[in-house]
Amino acid sequence: MGDSEKKTTTSSKGLLKNEELYQYILETCVYPREPQPLKELREATAAHPLAVMGTAPDAGQAIEMVLKLINAKKTIEIGVFTGYSLLLTALSIPEDGKIIAIDVDRKNYDEIGLPIIRRAGVEHKIDFIESQALPVLDKLLEDDENEGSLDFAFVDADKVNCKNYHERLMKLLKVGGVVVYDNTLWDGTVALPEDLMEEGFMKEVRKDATEFNNYVATDSRVQICLAPLGDGITICRRIC
């Protein structure tokens, strides 16, 4: 990888304080195995002013492995942005697999992600719903056949609602199904004393993230792993 590609495609998403070590991980194990459509979407997203919202490629690699390990076929995604994790999922599930993708605004997806997804030949796997997530989840739960029907869920959305999403996903996921929550370490701020943080967005979301982390850590319905990949991902496997 040349210096120009590093500058345009890499942001400091990792929690490792040594940027060189994070680059080593990306360049040794992540980028060489990244499918070309994902690379194209990552590079296109890097030019967006809110590129930091995109799924980190090292976290994406772990998600891909989870999808393959559980042979996921029916999935749901809450929070899409440009669609990196959505494309990753679509490439990982079978040809007849399906993804319900929910986001309040599909503009970034339509303008950046969708053309690449179409060229990758996986658009038919995606059912995009432009909406707040909770009404969609509640609508799904109105049909008893949807309970226990999903293999996998990915949540990269408003942290204040993560507990609400979790409760609904515990009904929609089958036993053995997995949900992954993104940004659960929130740039490492979850470990900082609250009084050291300035008032504002980062502090507000830190509060939501720590409350969710404490909540899910005591949930006996799931086996969990909080991994320091990207901005922190919490992997929950439903066990009952």
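Just so we're clear, the structure is a prediction, and the values are computed from it rather than from any experiment.

(A) Inspection of a nonpolar patch on the surface at higher detail. Together, Leu 16, Leu 21, Tyr 24 and Ile 25 give the surface a local cluster of nonpolar side chains, amounting to about 350 Å² of exposed area. Tracing the backbone through its elements, the reader meets Leu 16 in the loop between α1 (3–9) and α2 (19–30).

(B) Representation of the nonpolar core. In terms of nonpolar packing, the biggest core is built from 35 residues, with Tyr 109, Ile 126 and Phe 152 touching the most fellow members. Membership of the second largest hydrophobic core comes to 26 residues, among which are Ile 100, Leu 140, Leu 173 and Val 222.

(C) Quick peek at the packing of helix α4 (residues 57–69) against helix α5 (residues 84–92). It is at 10 Å that the axes of α4 and α5 come closest, and there the two elements cross at 30 degrees. On the basis of their axis angle, the class for α4 and α5 is roughly parallel. Between α4 and α5 lies a crossing whose hand is right-handed. Across from Pro 57, Gly 60, Gln 61, Ile 63, Glu 64, Leu 67 and Lys 68 in α4, the residues of α5 making contact are Tyr 84, Leu 88, Thr 89, Leu 91 and Ser 92. A class-by-class count of the residues in the contact of α4 with α5 yields six nonpolar, four polar and two charged.

(D) Looking closely at the side chain of Asn 183. Its place among the elements puts Asn 183 in the loop between β5 (173–182) and α9 (201–217). Exposure remark for Asn 183: the relative accessible area of 8% places this residue in the buried category. Separated by 3.0 Å, the side chains of Asn 183 and Asp 231 make a polar contact.

(E) Examining the sheet that holds strand β2 (residues 98–103) more closely. Within the open sheet, the seven strands sit side by side as β3-β2-β1-β4-β5-β7-β6. Their pairing is mixed. The sheet is open, and its two borders are formed by β3 (126–130) and β6 (222–227), each paired with just one other strand. The sheet shows a mean angle of 15 degrees between the axes of neighbouring strands, direction not considered. Helix-sheet contacts for α4 involve β1 (74–78), β4 (150–155), β5 and β7 (233–238), and the interaxial angle to β4 is about 170 degrees. Where helix α8 (residues 162–172) meets the sheet, its contacts fall on β1, β4, β5, β6 and β7, and the angle it forms with β5 comes to roughly 155 degrees.

(F) Expanded view of α9. The end-to-end C-alpha separation of α9 is 24 Å, in line with the 24 Å expected for 17 residues at 1.5 Å each. Buried within α9 are the following residues: Lys 203, Val 205, Arg 206, Asp 208, Ala 209, Thr 210, Phe 212, Asn 213 and Val 216. Tucked into the core, α9 has its buried residues touching α8, β5, β6 and β7.

(G) Quick peek at the environment of Lys 159. Mapped onto the elements, Lys 159 comes out in the loop between β4 and α8. According to the relative accessible area criterion, Lys 159 is buried, its value standing at 12%. C-alpha of Lys 159 to C-alpha of Phe 212: the two residues are 53 residues apart in sequence and 7.9 Å apart in space. Excluding its chain neighbours within four sequence positions, the residues that come into contact with Lys 159 are Asp 182, Asn 183, Val 205 and Asp 208. Polar side-chain contacts of Lys 159 include one of 2.7 Å to the backbone oxygen of Ala 157.

(H) Representation of the packing of aromatic side chains within the structure. Throughout the structure, instances matching the rule amount to four aromatic pairs. Judged by centre distance (5.8 Å) and plane angle (70 degrees), the ring pair of Trp 186 and Phe 201 falls under edge-to-face. Here the residue Trp 186 occupies a position in the loop between β5 and α9, and Phe 201 occupies one in helix α9, the gap between them amounting to 15 residues. An aromatic cluster of three or more residues is present, and its members are Tyr 181, Phe 212 and Tyr 215.

Parameters and conventions
- Residues numbered from 1 in each chain as written.
- Predicted model: local features only at pLDDT ≥ 70, side-chain atom pairs only at ≥ 80, totals over all residues.
- Heavy atoms only, no water.
- Patch = residues over 30% accessible without salt bridge, like charges linked within 9 Å, V, L, I, M, F, W, Y side chains within 5 Å.
- Areas by Shrake-Rupley, 256 points an atom, 1.4 Å probe, with all protein chains shown as cover.
- Salt bridge = Lys/Arg side-chain N within 4 Å of Asp/Glu carboxyl O.
- Helix = DSSP H or I, 4+ residues; strand = E, 2+ residues; numbered from the N terminus.
- Core = buried A, V, L, I, M, F, W, Y, C linked by side-chain atoms within 4.5 Å.
- Buried < 20%, exposed > 50% of the residue type's maximum accessible area, 1.4 Å probe, protein only.
- Axes fitted to C-alpha atoms, helices over the stretch in contact; angles between N-to-C directions.
- Parallel < 35°, antiparallel > 145°, perpendicular 65-115°, else oblique.
- Left-handed = near helix turned anticlockwise from the far one by under 90°.
- Contact = heavy atoms within 4.5 Å.
- Nonpolar A, V, L, I, M, F, W, Y, C, P; charged D, E, K, R; others polar.
- Polar contact = N/O pair within 3.5 Å; in protein donor to acceptor, adjacent residues only side chain to side chain.
- Pairing = 2+ DSSP bridges.
- Expected span 1.5 Å × (residues − 1).
- Phe/Tyr/Trp six-rings, centres within 6.5 Å; stacked < 30°, edge-to-face > 60°.

Function cannot be read off these values alone, since they describe shape.
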